[in-house]
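Summary of the model geometry
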Amino acid sequence: MKNKKILALAGRLEEEDVRKLTDAASSTVSDAGKNEIIQDLSADLWKLETQKKANVPSQKN
Amino acid sequence: MRFIRSYYSLVTDSLGNSSGEGPVRVLYSTRTGKAVTIKESLHKKMESGDFDDIGPADLQRLLEIEAIVPADENELETVINRNLSELEDSDTLSFIIQPTANCQLGCDYCGQLHTKKQIDPSFYSNILARIEEKFKIQKYKNLRISWFGSEPLMGWRNIQELTPLLRSLAARHQASYGAAIVTNGLSLKPGIFESLVNEFGIDAIEITLDGSAFWHDKRRHTKEGGATFDLIFRNLLEICALDSFAGRRIPISIRCNVDARNQEGVLPLIRQLAAHGLQRRISFYPCPIHSWGNDAHTLSLTKEAYADLEIGWIIEMAALGFPVTGLIPGLKKSVCIAVTKDAEVIDANGNIFNCTEVPYVPVYENSGYVLGNLRDTPPAGISNPRVFQDWNTKVLTDNNTCSTCRMLPVCGGMCPKSWEENLPACPSNKFNIKDKLVLAYLYTRGMLTTTEEESILVNQEI
């Protein structure tokens, strides 16, 4: 990670957020105690992008 | 069977330092374009090849995304064979039509020589005949037309005349019809937009803005040097305010061509788009300037510098609520129309090409890039061989830069013509993929977006 902005954001991961995030991620995986893959990142990103697109207003403001 | 970690797998640096699960990394398999977040413990097992210690569910998933592969597999051969299969089995026929050689703009990096030439209606039957011949050879399910420039809306009459003929041809072959247009946006008035979408089958529009007005107008001016940003931006706002736009959700993407001279103008443009609430209505993507048969690339940023700036733009876009795509690049089995067996570019002079970078560019006029001309090339054939159709095979056999690149499956080589001209075509992903994977992780955790209140504050500052 060379980008300073990324480093800054990653720094945010060092805070309490990290624990929350990791807890949230692991809670979505069955058999969390054994599994070492904690997130299907591609699937989660796809869901998020789809959700964002669906949120495009259907009427002008 | 013995397994190894795939050559086409990348892993980020360690992220986080939680007391619970411990640090994690993002593992990305370019062979499938899939990424997973893994514990540090799994990363260590993969590094040391201790696959026997990986749990069955995880092992299964790693095999599915092909981060782990059979040790005796020739991975490059697998990648290339998949590309070739995709090209052979494509069910979409793409034609790019340049209805005019004319353009109002005099962009200083453009390699095209514009004239007032319009495509002659006598060519219509030849275009249709060429497409018809391709349908005879293969049962395509889709006919995809791209109206491309110079400035295609200066050939608006030709678009109006040709579209019904093309649609009718597609219908005769039970194929769907769809079309996109790449425009400078100057003539894209709301009335034209509605006609394009409602009557002429346009389902995607791309407009170019090279930064906010100060930056854009320095380079994307009229041939007489007049400013264009305000007019284009007003068109964009008026279109996005149309009920028909909101109802149809026609994708409009804003492309921002970037070199060392206008890189400072990208963030102001992103913020200006957001200030008008367009982040929920359009998409935005920056793109580095490259050679267009000229020396435009000499003004470009280095690939590393561009890749670094791009990360900052993505972060800003996410914070302002733009859809953020491409953080985990998907597979690119068909890199461009040049490597296909059937797609063609037709320009207003009737020339036939298999590359969009070539028409109207003087340096390519008598080059091997011209496949023929509608006047004398029979519909079933071409006068010159399709250059670059052997691109994939060359990557497999010639041991070139792409042959050893871990990004090959999600890049495809980017631009065979560029490589041919000894200009490395590598996209920004090659240089910032690990940063993008981290961003994807942060994005899915809601850590790149600001709150609604913060967005409003940002907007008010503009």
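Residues numbered from 1 in each chain as written. Chains lettered and ligands numbered in written order. Predicted model: local features only at pLDDT ≥ 70, side-chain atom pairs only at ≥ 80, totals over all residues.

**Considering the overall build of chain A**
Using the following cut-off: Strands are runs of DSSP state E lasting at least 2 residues, helices are runs of H or I lasting at least 4, and numbering of each runs from the N terminus. Buried means a residue has 20 or more other C-beta atoms within 10 Å of its own C-beta, exposed means 12 or fewer, and partly exposed covers the counts in between; C-beta atoms are placed from the backbone.
The number of helices and strands found in chain A is three helices and one strand. Here chain A, with 61 residues, has 28% of them falling under the buried criterion.

**Some remarks on the overall build of chain B**
Quick note on the threshold: All radius of gyration figures rest on C-alpha atoms, and the globule criterion is 2.2 Å times the number of residues raised to 0.38. Whether two residues are in contact is decided by their C-beta atoms, placed from the backbone, lying within 7 Å.
Along chain B, the regular secondary structure elements total 16 helices and 14 strands. Relative to the 2.2 N^0.38 estimate, which gives 23 Å for 462 residues, the radius of gyration of chain B is 24 Å and therefore close to what a compact globule would have. Each principal axis of the C-alpha atoms in chain B carries an extent, and together these give about 70 × 55 × 45 Å. Counting all 462 residues of chain B, 47% fall into the buried class. Summarising the internal contacts of chain B: among those between residues at least 6 apart in sequence, 70% fall at separations of at least 24.

**A look at the sheet that holds strand E1 (residues 37-39) of chain A**
The criterion, for reference: Here a strand pair is declared whenever DSSP counts at least two bridges between the two strands. Axis definition: a line fit to C-alpha positions, over the contact stretch in the case of helices; interaxial angles, taken between N-to-C directions, run 0 to 180 degrees.
In spatial order, the strands read E1(A)-E4(B)-E3(B)-E2(B); together these four strands make up an open sheet with antiparallel pairing. Since the sheet does not close on itself, it has two edges, and those belong to E1 of chain A together with strand E2 (9-11) of chain B, each with one partner. Between one strand axis and the next, the sheet turns through 35 degrees on average, direction left out of account. Bridge analysis of E1(A) against strand E4 (residues 34-39) of chain B gives two bridges, and the strand direction is antiparallel. Along E4(B), the bridge assignment pairs A:Ile37 with B:Ile38. Relative to the sheet, helix H1 (residues 40-48) of chain B contacts E1 of chain A together with E2, strand E3 (24-29) and E4 of chain B, its axis offset from that of E4(B) by approximately 110 degrees.

**Quick word on the nonpolar core**
Residues and elements named next belong to chain B. The criterion, for reference: Put simply, a nonpolar core is buried Ala, Val, Leu, Ile, Met, Phe, Trp, Tyr and Cys residues tied into one set by C-beta atoms within 7 Å. Where each domain starts and ends comes from a domain assignment, either automatic or drawn from a database.
The biggest cluster of nonpolar side chains holds 134 residues, and the ones touching the most others in it are Ala35, Ile270, Met317, Leu437, Ala440 and Tyr443. No other element matches the 10 residues that helix H11 (residues 303-320) contributes to this core. In this structure, this core is formed jointly by two domains, domain 1 (3-76 + 433-461) and domain 2 (90-373), each of which donates at least three residues. Setting aside anything within four residues of it in sequence, one finds Met317 in contact with Ile270, Phe284, Phe322 and Val324.

**What about the sheet that holds strand E13 (residues 351-353) of chain B?**
All names here are of chain B. Within the open sheet, the nine strands sit side by side as E11-E10-E9-E8-E7-E6-E12-E13-E14. Their pairing is mixed. The sheet is open, and its two edges are formed by strand E11 (283-288) and strand E14 (370-373), each paired on a single side. The sheet shows a mean angle of 25 degrees between the axes of neighbouring strands, direction not considered. For strand E6 (residues 92-97) and strand E7 (residues 142-147), the ladder comprises six bridges, and the chain directions are parallel. Following the sheet pairing, Ile96 is matched in E7 by Ser146.

**Notes on the domain arrangement of chain B**
Residue and element names in this part refer to chain B. Selection criterion: As a working rule, the residues Ala, Val, Leu, Ile, Met, Phe, Trp, Tyr, Cys and Pro are called nonpolar, Asp, Glu, Lys and Arg charged, and the rest polar, with Gly in that last group.
Parsing chain B into structural domains produces domain 1 (3-76 + 433-461) and domain 2 (90-373). Taking the mean C-alpha position of each, domain 1 and domain 2 sit 34 Å from one another. Counting residues at the interface gives 15 residues for domain 1, matched by 15 residues for domain 2. Secondary-structure elements contributing two or more residues to the side of domain 1 that touches domain 2 are helix H15 (429-444) and helix H16 (452-461). Considering each element in turn, the side of domain 1 that touches domain 2 owes the most residues, six residues, to H15. By residue class, the composition of the side of domain 1 that touches domain 2 is eight nonpolar, five polar and two charged.

**Structural notes on unusual backbone geometry**
Residue and element names in this part refer to chain B. A cis amide bond, omega 20 degrees, links Gly149 with the succeeding residue Ser150. Position of Ser150 among the secondary structure elements: in the loop between E7 and helix H5 (156-172). Of note in the backbone geometry, Tyr360 takes a positive phi value of approximately 65 degrees without being a glycine. Mapped onto the fold, Tyr360 is located in the loop between E13 and E14. Here the phi dihedral of Asn399 falls at roughly 55 degrees; this positive angle occurs in a residue that is not glycine. Its place among the elements puts Asn399 in the loop between helix H12 (391-397) and helix H13 (408-411). Residue Asn399 is classed as exposed on the basis of its C-beta count, with 11 C-beta atoms lying within 10 Å.

**A few points about the pairing of E3(B)**
Residues and elements named next belong to chain B. Burial analysis of E3 places six of its six residues in the buried class, the great majority of the element. The alternating pattern of E3 places Val24, Val26 and Tyr28 and Arg25, Leu27 and Ser29 on opposite faces, both of which are buried. Across three bridges, the pairing between E2 and E3 is antiparallel. Note on E3: the bridge partner recorded for Ser9 is Ser29. Examined bridge by bridge, E3 and E4 share six bridges and lie antiparallel to one another. The residue of E4 that forms the bridge with Leu27 is Val36.

**Description of the environment of B:Lys394**
Residues and elements named next belong to chain B. Within the element layout of this structure, Lys394 appears in helix H12. When the 17 C-beta atoms within 10 Å are taken as the criterion, Lys394 is described as partly exposed. A C-alpha to C-alpha distance of 37 Å links Lys394 and Asp52, two positions 342 residues apart in sequence.

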